[in-house]
Amino acid sequence: MSTPPSPPGTERPDGSAVRIGALVPLTRPGWVEAGRHLLAGLELAVREVNDAGGIGGRPLELVVRDTAADPQRAVAAVDELARLGVAAVAGEYHSVVARAAAGRADALGLPFLCSSAVLDALTEQPTKWVARLAPAQSRGWQIYADFLLGAGHSRIAVAAQSSVYWASGVRVLRDYLTPRGGTVIALDMGVLTPATVCDELVGDRATALLLLVGHPEPAVSIVESVRRDPRLAEIMIGAPAGQPEFAEWARSLGGDGAAIPFLRYLPERLSPLGARVEAALRERLAEAPSFVAFEGYDTVAVLAEVLRSHGTDRTRIAASWARVAVEGARGQIRFSRTAGISVWQWAWAPVQVVDRDPAEPDRFRILHTG
């Protein structure tokens, strides 16, 4: 299986660099914009580590591999990175891909710090090799469900495609909302079209529609169909997985993409470190950085501290998760064992429900925090 090469200079034949493998979706069908932001955060932090003297005087380098949202490709990349002698693996955005990578890293005894994936069951069994920065799906999506209830929505339709990630999201929402008087109505996007979704929403008397589908399609077409249906003028569209976070969403939908609440993992106010990182990421990306870019930065910040304190031995790295205490761009990062979570977990990254302001779609409004 072919894998895109790392950027020039990331692999030194003399072995003097401390190398970290980076799993990033950089080509379709991966969410390329998310991958670009994740990589920008990883690369910014590596540059800062090296500007400060590296790891014990040795430069820190990324060995980047494109997963293209393909679990098998991610597994092959983990195998290759292990053979190349990386100290640890970092990154990945797509939950199903990260789960495959985490399982392989666990089997190989290779430390993996997952940046963005949220599936609770990131590995089948508890593992010492894997840690995660993103909040578990059950955490973030329960906060989103609280937001829905607070906004007066109790009949909630979910337009869902078939995947472990979307099925897990439906289960989290149903388990949380049903005991609190809510009803979750599943709309199978393997059968329905964007146009027939509108008919279902009218018949089900739903007041909210959640997009548990891929981006750009069918998410963009569903939004356009609902926005243009006069029967659904009062319905709220939501996207807990964060599709509206990225500029591509606004470019695709314009004003139709505003007022669609989604989850993002940023604090209400950035610390001085966070503000500095935000400015540097903005310059690097030539646009506002997403929370995914911050996740990439924090991933390297954690691994650099672990490498400085515990060296490059993989077993020692894996044994160090419990002792991590790092000031990241979004707060103090510590890992713990959390009920129902099989990996070492930052409990918890900050969680917001936000949307794009209809009056100014490039501006985000914070609607709820958890």
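Here's a quick rundown of the structure.

This part covers the sheet that holds strand 6 (residues 155–160). Here we have 4 strands laid out as an open sheet, ordered 7-6-8-9, and parallel in their pairing. Two strands in the sheet have a free side with no partner beyond their single neighbour: strand 7 (183–188) and strand 9 (236–238). The average undirected angle you get between the axes of adjacent strands in this sheet is 25°. Bridge analysis of strand 8 (residues 208–212) against strand 9 gives 3 bridges, and the strand direction is parallel. Residue pairing in the sheet places Leu209 in a bridge with Ile237 of strand 9. This element, helix 5 (residues 164–177), spans strand 6, strand 7 and strand 8 of the sheet and lies at about 150° to strand 8. Packed on one face of the sheet, helix 7 (residues 219–227) meets strand 6, strand 8 and strand 9 and runs near 165° to strand 8.

Centre-to-centre distance and the angle between the planes together describe a pair of aromatic rings. Summed over all chains, the structure comprises 8 aromatic pairs. Taken together, a centroid distance of 6.0 Å and an interplanar angle of 75° make the contact between Trp141 and Tyr165 edge-to-face. Here Tyr165 lies in helix 5 and Trp141 lies in helix 4 (residues 137–150), a separation of 24 residues in the sequence. The same class applies to Trp141 as to Tyr165, namely buried. Plain terms: the ring middles of Phe262 and Phe364 are 5.9 Å apart, the flat faces sit at 80° to each other, and that makes the pair edge-to-face. Of this pair, Phe262 sits in strand 10 (residues 262–264) while Phe364 sits in strand 16 (residues 360–369), and the two are 102 residues apart along the sequence. On the basis of relative accessible area, Phe262 is assigned to the buried category, the value being 0%. Judged by its relative accessible area of 22%, Phe364 is partly exposed.

Within a sheet, adjacent strands bond to each other through the backbone by hydrogen bonds, running parallel or antiparallel. Strand order in this open sheet of 3 strands is 10-15-16, and the pairing throughout is antiparallel. On the outer flanks of this sheet lie strand 10 and strand 16, each paired with one strand and no other. Pairwise comparison of adjacent strand axes, ignoring direction, gives a mean angle of 45° for this sheet. As judged from the 6 bridges shared by strand 15 (residues 352–357) and strand 16, these two strands associate in the antiparallel manner. Across the sheet, the residue bridging to Gln352 is Thr369, located in strand 16. Its contacts with the sheet place helix 4 against strand 10, strand 15 and strand 16, and it is angled at close to 95° to strand 16.

The next subject is the pattern of salt bridges. In a structure, side chains of opposite charge can pair up when their charged atoms sit close to one another. Applying the stated criterion across every chain yields a total of 17 salt bridges. For Arg330, the salt bridge identified is with Asp298, shortest N-O distance 2.9 Å. Of this pair, Arg330 sits in the loop between strand 11 (326–328) and strand 12 (331–333) while Asp298 sits in helix 10 (residues 291–310), and the two are 32 residues apart along the sequence. The same class applies to Arg330 as to Asp298, namely buried. Ionic pairing is found between Arg363 and Asp357, a salt bridge with its closest N-O pair at 2.5 Å. Given a relative accessible area of 39%, Arg363 falls into the partly exposed group. Sharing partners across several salt bridges, the network here consists of Asp199, Asp229 and Arg231.

Note on placement: Ala160 falls in strand 6. Sequence spacing of Ala160 and Val213 is 53 residues, and the spatial spacing of their C-alpha atoms is 5.5 Å. Ala160 has contacts with Val170, Leu187, Asp188, Met189, Leu212 and Val213, leaving out every residue within four places of it along the chain.

On to the packing of helix 6 (residues 194–204) against helix 7, then. For the pair helix 6 and helix 7, interaxial distance at closest approach is 8 Å and the crossing angle is 50°. Here helix 6 lies oblique to helix 7, going by the angle between them. As for the relative orientation of helix 6 and helix 7, their crossing is right-handed in sense. Of the residues in helix 7, those in contact with Pro194, Ala195, Cys198 and Leu201 of helix 6 are Ser221, Ile222, Ser225 and Val226. Tallied by class, residues from the contact of helix 6 with helix 7 come to 6 nonpolar, 2 polar and no charged.

Okay, the pairing of strand 6 next. Of all the 6 residues making up strand 6, 5 are buried; the element is thus mostly covered by neighbouring parts of the structure. Pairing of strand 6 with strand 7 involves 6 bridges; the strand directions are parallel. Bridging across to strand 7, Val158 finds its partner in Ala186. Each parallel crossover has a hand, and the one from strand 6 via helix 5 to strand 7 is right-handed. Inspection of the sheet shows strand 6 paired to strand 8 by 5 bridges, in the parallel sense. Residue pairing for strand 8: Val158 is matched across the bridge by Leu210.

Thresholds applied
- Residues numbered from 1 in each chain as written.
- Predicted model: local features only at pLDDT ≥ 70, side-chain atom pairs only at ≥ 80, totals over all residues.
- Heavy atoms only, no water.
- Pairing = 2+ DSSP bridges.
- Helix = DSSP H or I, 4+ residues; strand = E, 2+ residues; numbered from the N terminus.
- Axes fitted to C-alpha atoms, helices over the stretch in contact; angles between N-to-C directions.
- Contact = heavy atoms within 4.5 Å.
- Phe/Tyr/Trp six-rings, centres within 6.5 Å; stacked < 30°, edge-to-face > 60°.
- Buried < 20%, exposed > 50% of the residue type's maximum accessible area, 1.4 Å probe, protein only.
- Salt bridge = Lys/Arg side-chain N within 4 Å of Asp/Glu carboxyl O.
- Parallel < 35°, antiparallel > 145°, perpendicular 65-115°, else oblique.
- Left-handed = near helix turned anticlockwise from the far one by under 90°.
- Nonpolar A, V, L, I, M, F, W, Y, C, P; charged D, E, K, R; others polar.
- Right-handed = clockwise from strand over helix to strand, strands pointing away.

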